[in-house]
Amino acid sequence: MTKRATSLRRRIVTAFLATVAVTCLLFGSFGFVIAYAVEDSLFEDTLRDEIAFQQAHWERNQTFSRPARDYLALYRTPQQFPSDLRVPFARAPRQREYFGTEGRYYHVARFNLPRGDGPAFAVAEVSRHLVVRPIRGEILRFLGAWSLAILAIAGGIGYWLAARATAPLTRLAAALEGSRHGEIPHVAAADFPNNEIGILARSLEQAFDRIRAFVERESAFTRDVSHELRTPLAVIRSSAELVEARDELAPPAKLPMRRIATAARDMERTIDLLLALAREERAEGTQERVELLPLVEAALLDASDRFDGGNHQVEIAIPADASVIANRTGLSLILVNLIGNSFRHAREGRLSIALNKSRLSIVDDGPGIANDIVAAAGEAFTKGDDSAGYGLGLGIVRRLCERDAVTFGIETSGADGTAVNLDFPAPAKNIESSRR
């Protein structure tokens with residue numbers, strides 16, 4: 001079961017329980033309101049009946065009769081009220097219910113006497129006759145116990161419903177997450193119900209089938225490229241180098257022949273870069289602890305050979321035993337391309353290659369990169385105002401770095417050189433040192 005599916009199921013159950021809890025709370029609140037309303041209506045009916053009786057009695061006798069119930073009392077003015085009723089009544093004379101002291105509770109009704117004899121007040125002190133308030137604690141405990149029982153039952157039902165509803169989605173997530181790194185997942189839409197999840201499964205199955213067919217075509221293409229292009233290029237390069245080395249070659253022809261050999265080597269290197277990306281060489285276990293200095297020295301020798309050594313002052317500040325976590329083949333291609341760029345664009349000057357903790361910096365004092373295109377310098381065929389290309393190679397280097405979890409960055413001041421920084425990942429527990 002995947003974490004996403006578990007989280008979704010938990011959210012469904014939580015939402016279900018929250019709905020039930022709110023329903024229980026509302027039901028209990030409404031129950032209390034109804035109970036209080038029914039109780040108050042009984043006292044109000046009693047007051048209305050008493051008022052009607054007293055009005056009839058006053059019309060006949062000009063006086064009040066003894067109230068029918070012992071908790072009822074009749075007054076002509078509020079000043080005659082009990083002391084604990086006079087103050088709250090004076091503050092809110094329009095209310096009908098008032099709290100007194102020592103637990104007393106009053107209902108007050110104002111009425112007019114017949115023959116214009118003025119107002120009067122019927123007061124019911126009902127504290128001894130209340131039903132709901134004395135047992136309020138018991139009612140709350142009863143409602144709380146039943147609410148917990150309902151929540152427990154609802155939780156079981158909600159979990160069962162959530163498990164049943166999310167089971168297809170859980171299987172789909174497991175099918176996607178269960179694929180090994182670099183593999184295209186296999187999804188069988190027939191294994192899922194004909195609902196929204198089934199539609200998603202069918203769409204994923206079709207998309208993965210198209211991706212799988214595309215990858216197969218690309219794999220076949222890279223195999224053909226490797227066989228059909230690398231061999232002719234090797235023949236061209238070796239033949240050009242052989243012809244150039246012959247003494248009878250005319251001096252004007254040596255430079256073009258050398259350019260042919262260099263171009264063939266560059267094409268071979270570009271094909272290596274493209275194949276490194278196309279073959280998805282970053283499978284599990286391809287990253288290792290690689291000694292850095294030998295790869296840097298090999299890249300320097302390659303660049304020196306390609307660009308006739310140039311006139312560089314190369315400074316290397318890399319400990320002999322320094323190592324980084326990288327893909328050996330990918331890192332070699334990255335270094336060859338970056339150091340070759342420094343030799344190409346800075347034909348003379350200083351080239352510094354230094355390792356500081358897990359950051360490798362390659363700094364030259366060449367013409368630099370225009371500030372307005374530094375961010376795009378790693379994109380294919382990017383050009384500055386002077387039409388200097390930063391080309392396909394640097395774009396492939398950026399993609400190789402992304403593939404191998406190496407952070408790629410460029411710093412430049414425009415006219416004072418370029419610094420390329422490579423930040424290597426921290427070592428994982430399953431990566432062991434490789435000494436070659």
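About the thresholds
What you see as residue numbers is a count from 1 along each chain, following the sequence as written. Confidence filtering applies because this is a predicted model: local features only for residues at pLDDT of at least 70, side-chain atom pairs given and counted only at 80 or more, and all residues used for totals across whole chains, interfaces and linings. Side-chain calculation: all heavy atoms of the structure are included, whereas hydrogens and water are not. Under the scheme applied here, a residue whose accessible area is under 20% of the maximum for its type counts as buried, over 50% as exposed, and between as partly exposed, the area being computed with a 1.4 Å probe on protein chains only. Note on conventions: DSSP H or I runs of at least 4 residues are helices, E runs of at least 2 residues are strands, and numbering of each starts at the N terminus. In this description, the arc belongs to the directions extending from the helix axis to the C-beta atoms. The contact criterion used throughout is that any non-hydrogen atoms of two residues lie within 4.5 Å. Salt bridges are defined by distance alone: a side-chain nitrogen of Lys or Arg within 4 Å of a carboxyl oxygen of Asp or Glu. We call two strands paired when DSSP finds no fewer than two bridges between them. Axis angles are defined between N-to-C directions and span 0 to 180 degrees, where every axis is a line fitted to C-alpha atoms and, for a helix, only to the segment in contact. Only centres within 6.5 Å qualify two rings of Phe, Tyr or Trp (six-membered ring in Trp) as a pair; their planes then separate them into stacked at under 30 degrees, edge-to-face at over 60, and tilted for everything else. We call a charge positioned above a ring when the Lys NZ or Arg CZ atom is no farther than 6 Å from the ring centre and deviates by at most 35 degrees from the ring normal.

A. Highlighting helix α2 (residues 83–91). The complete set of buried residues in α2 reads D84, L85, P88 and F89. Within α2, the buried residues cover an arc of 120 degrees as seen down the axis, which keeps them to one side. Exposed positions of α2 whose direction lies more than 90 degrees from the buried face are S83, A90 and R91. Contact partners of the buried residues in α2: β2 (97–99), β3 (105–112) and β4 (119–125).

B. Quick peek at the pattern of salt bridges. Per the counting criterion, the structure on display carries nine salt bridges. The salt bridge involving R48 is made with D45; its shortest N-O contact spans 2.1 Å. A residue pair is termed a helical-turn pair when its members lie 3 or 4 positions apart in one helix, as R48 and D45 do in helix α1 (residues 3–61) at three residues. Classification of D45 as partly exposed rests on a relative accessible area of 34%. Here D423 and R359 are joined by a salt bridge, their closest N and O atoms 2.9 Å apart. Of this pair, D423 sits in strand β11 (residues 418–423) while R359 sits in strand β9 (residues 359–364); the two residues are 64 residues apart in sequence, bridging distant segments of the chain. What you see here is one network of salt bridges that share partners, running through D84, E102 and R104.

C. The environment of L169, seen in detail. Residue placement: L169 occurs in helix α3 (residues 136–177). Taking relative accessible area as the criterion, L169 reaches 28% and is therefore assigned partly exposed. Considered as a pair, L169 and L8 are 161 residues apart in the sequence and their alpha carbons are 9.6 Å apart. L169 has contacts with L8 and I197, leaving out every residue within four places of it along the chain.

D. Broad picture of the sheet that holds β2. Taking strand neighbours across the sheet as the criterion, the four strands line up as β1-β4-β3-β2 in an open arrangement whose pairing is antiparallel. Where the open sheet ends on each side, the last strands, each with one partner, are β1 (72–75) and β2. Shown here is a sheet whose adjacent strand axes are inclined to one another by a mean of 25 degrees, direction ignored. For β1 and β4, the ladder comprises four bridges, and the chain directions are antiparallel. Looking at the pairing, L72 lines up with A124 of β4. α2 contacts β2, β3 and β4 of the sheet and is inclined by roughly 120 degrees relative to β2.

E. Region of interest: the packing of aromatic side chains. Under the defined criterion, the tally for this structure stands at 10 aromatic pairs. Taken together, the ring pairs connect Y75, F81, F89, Y98 and F121 into an aromatic cluster. For R133, the ring lying beneath its charged end belongs to Y105, and the centroid distance is 4.8 Å.

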